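# Coordinates in review
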Amino acid sequence: MKKIIVPILIVLLVFIIYKFNDKNLIDYMVIGDSISLGINSYGNKTFGYSDYLKTYLENNNLLHKYNDYFSKSNYTIEELTNDINNNRNILYNDKTYNIKHELREADLLTISIGMDEMVKIINRENNDFNNIKSDLDNLTNE
């Protein structure tokens with residue numbers, strides 16, 4: 001009987017300790033291009049949507065970790081796909097971050113990508129509606 005009660009008590013104690021120490025804090029990861037970084041149409045970094053969400057989480061004591069290391073200006077859909085497929089590593093503040101590991105660890109993930117590619121298509125010279133439509137369709141199929 002003792003052999004059964006002791007393991008059950010240990011499991012219950014571990015569970016109770018975990019529940020009392022779990023603060024439900026959020027690991028927030030941002031992936032994307034200029035929009036996710038808050039870069040405006042003049043090329044200046046401003047307060048973007050991810051900054052608003054980060055500030056909200058901080059003000060409500062819900063943020064554990066914020067990660068925008070895999071966001072960069074002019075980031076394309078193809079580059080993001082390659083980074084995930086190749087499990088890209090980056091060095092940030094003398095620490096190495098792995099994209100697949102960071103994706104697994106994130107509780108909240110926002111992705112905004114493709115806007116730079118779409119703007120290039122729309123701003124091209126000699127555009128007509130059919131070319132723009134087919135190019136945008138190709139962009140969404142990538």
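Our subject in this report is the structure included herewith. Residue numbers restart at each chain and count upward from 1, following the sequence in its written direction. Reporting in this predicted model follows two pLDDT cut-offs: at least 70 for local features of residues, and 80 or more for side-chain atom pairs to be given and counted; totals over whole chains, interfaces and linings ignore these cut-offs and use all residues. Water and hydrogen atoms were dropped before computing side-chain values, which therefore reflect all heavy atoms in the structure.

## Considering the pairing of strand S3 (residues 89-92)
Using the following cut-off: Pairing between strands requires that DSSP locate at least two bridges from one strand to the other. Numbering of helices and strands runs from the N terminus; a helix is a DSSP stretch of H or I covering at least four residues, while a strand is a stretch of E covering at least two.
One ladder, built from 4 bridges, connects S3 with strand S4 (residues 95-98); its direction is antiparallel. The partner of Leu91 across the bridge, within S4, is Thr96. The hairpin turn running from S3 into S4, its antiparallel successor, is 2 residues long, and Asn93 in that turn takes a positive phi close to 50 degrees.

## Remarks on the side chain of Thr76
Convention followed: Here, two residues are considered to be in contact whenever any of their heavy atoms come within 4.5 Å of each other.
Tracing the chain through its elements places Thr76 in the loop between strand S2 (63-71) and helix H4 (77-85). Dropping the residues within four chain positions of it, Thr76 is found in contact with Ile113 and Glu117.

## With respect to the sheet that holds S2
Our working rule: Whenever a helix is involved, its axis is fitted only over the stretch in contact; in every case the axis is a line through C-alpha atoms, and angles between N-to-C directions fall within 0 to 180 degrees.
Here we have 3 strands laid out as an open sheet, ordered S2-S1-S5, and parallel in their pairing. Only two strands of the sheet have a single neighbouring strand rather than two, namely S2 and strand S5 (108-112). Recorded for the sheet is a direction-independent mean angle of 15 degrees between the axes of neighbouring strands. In this structure, strand S1 (residues 26-32) lies alongside S2, joined through 6 bridges in parallel fashion. Bridge pairing links Ile26 to Leu63 in S2. Along the sheet face, helix H3 (residues 49-59) touches S1, S2 and S5 and points at about 175 degrees away from the line of S1.

## Here we look at the nonpolar core
Operational definition: Residues belong to a common nonpolar core when they are buried Ala, Val, Leu, Ile, Met, Phe, Trp, Tyr or Cys residues joined through side-chain atoms within 4.5 Å. Note on exposure labels: buried denotes an accessible area under 20% of the residue type's maximum, exposed denotes more than 50%, and partly exposed covers the range between, all computed with a 1.4 Å probe on protein chains only.
Of all hydrophobic cores here, the largest spans 10 residues; its members are Met29, Ile31, Tyr69, Phe70, Tyr75, Leu80, Ile90, Tyr97, Ile99 and Ala106. Counting residues per element, the ones that place at least two in this core are S1 and S2. In contact with Tyr97, not counting residues within four places along its chain, are Tyr69, Phe70, Arg88, Asn89, Ile90, Tyr92 and Glu102. Within the second largest apolar cluster, 5 residues are counted, among which are Val30, Leu57, Leu63 and Tyr66.

## Topic: the pairing of S1
Judged by how many residues are buried, S1 sits mostly within the fold: 6 of 7 residues are covered. Bridge analysis of S1 against S5 gives 5 bridges, and the strand direction is parallel. Among the inter-strand pairings, Val30 is bridged to a residue of S5, identified as Thr110.

## Points about the environment of Glu102
The cut-off we apply is this: Under the rule applied, a polar contact is a pair of N or O atoms within 3.5 Å (in protein, one hydrogen donor and one hydrogen acceptor; residues adjacent in sequence only if both atoms are side-chain atoms).
Here Glu102 is to be found in helix H5 (residues 99-105). Overall, Glu102 belongs to the buried group, its relative accessible area being 7%. In sequence terms Glu102 and Asp27 are 75 residues apart; their C-alpha atoms lie 9.3 Å from each other. Apart from the residues within four sequence positions on either side, Glu102 is in contact with Met29, Lys65, Asn67, Phe70 and Tyr97. A polar contact is formed between the side chain of Glu102 and the side chain of Lys65, at a distance of 3.0 Å.

## Observations regarding helix H6 (residues 115-123)
Applied cut-off: Directions from the helix axis toward the C-beta atoms define the arc.
Within H6 the residues assigned to the buried category are Asp116, Glu117 and Ile121. Looking straight down H6, one finds its buried side chains confined to an arc of 140 degrees; they lie on one side.

## What about a nonpolar patch on the surface?
Selection rule: For patch detection, residues must exceed 30% relative accessible area and be free of salt bridges, and they are connected within 9 Å for like charges or within 5 Å for nonpolar side chains (Val, Leu, Ile, Met, Phe, Trp, Tyr). Per-residue accessibility takes into account occlusion by the displayed protein chains alone, with areas from the Shrake-Rupley method and a 1.4 Å probe. Within this document, salt bridges are pairs made up of a side-chain nitrogen of Lys or Arg and a carboxyl oxygen of Asp or Glu, the two lying within 4 Å of each other.
Residues Ile4, Ile5, Ile8, Leu9, Leu12, Phe15, Ile16 and Phe20 make up a contiguous nonpolar surface patch of roughly 820 Å² in combined accessible area. You can see Ile16 is positioned in helix H1 (residues 2-21). Assessed through its relative accessible area of 40%, Ile16 is described here as partly exposed.

Interpretation note: all reported values are geometric properties and have no functional meaning in isolation.
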